[in-house]
Amino acid sequence: MVRLSRGTDGVLEPRLRLGSVMARGAAYGVGAAVCVVVAAFVVRDHDARVDLLEATTYLGLLTGAVFLVTGLFFWACSLGEILRWRDFFATAGPHEVVSVVGPSLVRAGVFLLVPVPFAFGLGRLVTSAEYGSWLWGGAENTRAALCGARRGTRG
């Protein structure tokens, strides 16, 4: 583990690196992807399940891309002076706040983009699932599948 120390200007050293910020965002995103998968199977209704997965896909893609692009722009604007939130009070002026917000937006953007392929793929699987299967969803469908009823009839 890297030891953090305060530099002459009161800022924690070593500075943040883009790779480590993105790796931490991706790790958080994997946790969010697990939550999306669990939430999708907690929702019993087929249409609600598909809507949840589609909303997760498109909202995650849109907001994640906006956050990531904005964060990378702020990162490029403050290159060499990338700060942590702990260094917020060590900033000398309002223009240095970009140095704090940039890494946060990059991490949040990656965090939001990682669950998108999981939600998209699971949404496609749920949409193409056979009626009455456990992947389709629905309490009456699950009961019919467990009772061995014929397809298309309710159990």
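So, a few notes on the structure that sits alongside this text. These numbers come from a predicted model, not from an experiment.

**Quick word on a negative patch on the surface**
Then step 1. Taken together, the side chains of Asp45, Asp47, Asp51 and Glu54 make up a negatively charged region of the molecular surface.
Then step 2. By secondary structure assignment, the location of Asp51 is in helix H2 (residues 46-77).
Then step 3. On the basis of relative accessibility, which here comes to 49%, the residue Asp51 falls in the partly exposed class.

**Focus on the packing of aromatic side chains**
Then step 1. Under the criterion given, the structure shown has three aromatic pairs.
Then step 2. Each ring, one from Phe73 and one from Phe74, has its centre 6.0 Å from the other, and the planes form 45 degrees; the classification is tilted.
Then step 3. What makes Phe74 partly exposed here is its relative accessible area of 22%.
Then step 4. Measuring from centroid to centroid gives 5.4 Å for Tyr131 and Trp136, while their planes differ by 70 degrees, and the two rings are edge-to-face.
Then step 5. On the basis of relative accessibility, which here comes to 37%, the residue Tyr131 falls in the partly exposed class.

**Regarding the nonpolar core**
Then step 1. Core analysis: the largest hydrophobic core is formed by 10 residues, namely Val36, Ala40, Val50, Leu53, Ala119, Leu122, Val126, Ala129, Leu135 and Trp136.
Then step 2. At the level of elements, helix H1 (18-42), H2 and helix H4 (115-127) are the ones that each hand at least two residues to this core.
Then step 3. Core analysis: the second largest hydrophobic core is formed by eight residues, Leu16, Val21, Val110 and Val114 among them.

**Quick look at the packing of H1 against helix H3 (residues 97-113)**
Then step 1. The geometry of H1 relative to H3 is characterised by a closest axis approach of 7 Å and an angle of 35 degrees between their N-to-C directions. Helix-helix and strand crossings are classified by hand; for H1 and H3 the assignment is right-handed. Between H1, through Leu18, Val21, Met22, Arg24, Gly25, Ala26, Tyr28, Gly29 and Ala32, and H3, the contact on the second element is made entirely by Pro103, Val106, Arg107, Val110 and Phe111.
Then step 2. Classifying every residue of the contact of H1 with H3 by side-chain character gives 10 nonpolar, two polar and two charged.

**With respect to H3**
Then step 1. With 17 residues, H3 extends 24 Å from end C-alpha to end C-alpha; this agrees with the ideal 24 Å at 1.5 Å per step.
Then step 2. Here H3 has its buried residues at Ser99, Val100, Gly102, Pro103, Leu105, Val106, Gly109 and Val110.
Then step 3. In this fold, the buried residues of H3 make contact with H1 and H2.

Cut-offs applied
- Residues numbered from 1 in each chain as written.
- Predicted model: local features only at pLDDT ≥ 70, side-chain atom pairs only at ≥ 80, totals over all residues.
- Heavy atoms only, no water.
- Patch = residues over 30% accessible without salt bridge, like charges linked within 9 Å, V, L, I, M, F, W, Y side chains within 5 Å.
- Areas by Shrake-Rupley, 256 points an atom, 1.4 Å probe, with all protein chains shown as cover.
- Salt bridge = Lys/Arg side-chain N within 4 Å of Asp/Glu carboxyl O.
- Lys, Arg positive; Asp, Glu negative; His and termini not counted.
- Charge placed at Lys NZ, Arg CZ, Asp CG, Glu CD.
- Helix = DSSP H or I, 4+ residues; strand = E, 2+ residues; numbered from the N terminus.
- Buried < 20%, exposed > 50% of the residue type's maximum accessible area, 1.4 Å probe, protein only.
- Phe/Tyr/Trp six-rings, centres within 6.5 Å; stacked < 30°, edge-to-face > 60°.
- Core = buried A, V, L, I, M, F, W, Y, C linked by side-chain atoms within 4.5 Å.
- Axes fitted to C-alpha atoms, helices over the stretch in contact; angles between N-to-C directions.
- Left-handed = near helix turned anticlockwise from the far one by under 90°.
- Contact = heavy atoms within 4.5 Å.
- Nonpolar A, V, L, I, M, F, W, Y, C, P; charged D, E, K, R; others polar.
- Expected span 1.5 Å × (residues − 1).

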